[in-house]
Amino acid sequence: MTATTGAGPSAHPERPGRSDGVCSEFTVFTKIKPGHADALREDLAAMADAAADENVHAAVHQIGTLHDARHVIFDNDTRFMFASVFDGSWDAYIDDFAKTVVGARFDKVFSHSEGFPGVTDPGVKDWFVAHQAPAGVFVSAYPDLTVQQIYKDHRVDEAFEEVLDTPEFRAALENPANAELVATPAFQKLMAEASA
């Protein structure tokens, strides 16, 4: 199945899902096992509580390709949706879940879905493909930024903000020896962005 946005083919045509720049979407719909909706809801609540846990954020950071994820129970507690946005290869994305604490939580949540083999099972990718539905439209607000670039941009921004707040930086701005640099359009743009 070839997946496309309105602009062109997916970077990963061998798998369902649409891409926008470096970002791809992944949406899975499953049937909840009869009588499992409340247990699934409890596991999702525990997962939501765990999302505040540093270990979960560390695992998501370790995976390094996950932009966002959401879990939804719908159709009167009979169906379940998992949707996410990620960078890179679909296969690597699925493999990466099994390597962290996120994989165990993923297993627990999906264990309430009919036929789920387990995230480390060799057949799990085929199971996901069978339950995946590409989005009709997928648009990213930042299609050219990977999660790693966003992390880096955030670190650079924090470091730059720290520099801006120092008396040494203010003194450097006022030093006549730096007047030519300070007057450049690039430096003025940098300062305008910093104060926005």
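Below: a short report on this structure. (Residues numbered from 1 in each chain as written. Predicted model: local features only at pLDDT ≥ 70, side-chain atom pairs only at ≥ 80, totals over all residues. Heavy atoms only, no water.)

### Remarks on the layout of surface pockets
Volume-wise, the largest pocket comes out at about 400 Å³. Sorting the residues of the lining of the largest pocket by element identifies α1 (37-50), α2 (54-63), β3 (66-74) and α4 (101-110) as the ones contributing at least two each. By residue number, the principal contributor to the lining of the largest pocket is β3, which donates 5 residues. Its residues assigned to classes, the lining of the largest pocket shows 13 nonpolar, 3 polar and 2 charged. (1 Å grid on protein atoms, 1.4 Å probe; cavity = no way out; pocket = protein on both sides within 12 Å on 5 of 7 lines; lining within 4 Å. Points joined across faces, edges and corners; volume = space filled by probe spheres on them. Helix = DSSP H or I, 4+ residues; strand = E, 2+ residues; numbered from the N terminus. Nonpolar A, V, L, I, M, F, W, Y, C, P; charged D, E, K, R; others polar.)

### Comments concerning unusual backbone geometry
We note that D75 has phi near 55 degrees; this positive angle belongs to a residue other than glycine. Here D75 shows up in the loop between β3 and β4 (79-87). Under the relative-accessibility criterion, D75 is labelled partly exposed at 42%. With a phi close to 65 degrees, D77 is a non-glycine residue in the positive phi region. (Buried < 20%, exposed > 50% of the residue type's maximum accessible area, 1.4 Å probe, protein only.)

### Things to note about the pairing of strand β2 (residues 23-31)
For β2, the tally of buried residues reaches 7 of 9 residues, placing the bulk of the element in the interior. By the bridge criterion, 2 bridges tie strand β1 (residues 19-20) to β2 in an arrangement that is antiparallel. Directly across from D20, in β2, lies its bridge partner C23. Here β1 folds back onto β2 in antiparallel fashion, the turn holding 2 residues, of which G21 has a positive phi close to 65 degrees. In this structure, β2 lies alongside β4, joined through 9 bridges in antiparallel fashion. Looking at β4, one finds that E25 is bridged to V85. (Pairing = 2+ DSSP bridges.)

### Description of the side chain of T65
By the secondary structure assignment, T65 is in the loop between α2 and β3. What makes T65 buried here is its relative accessible area of 17%. Setting aside residues up to four positions removed in sequence, T65 forms contacts with V85, F86, D87, Y93, D96 and V147. (Contact = heavy atoms within 4.5 Å.)

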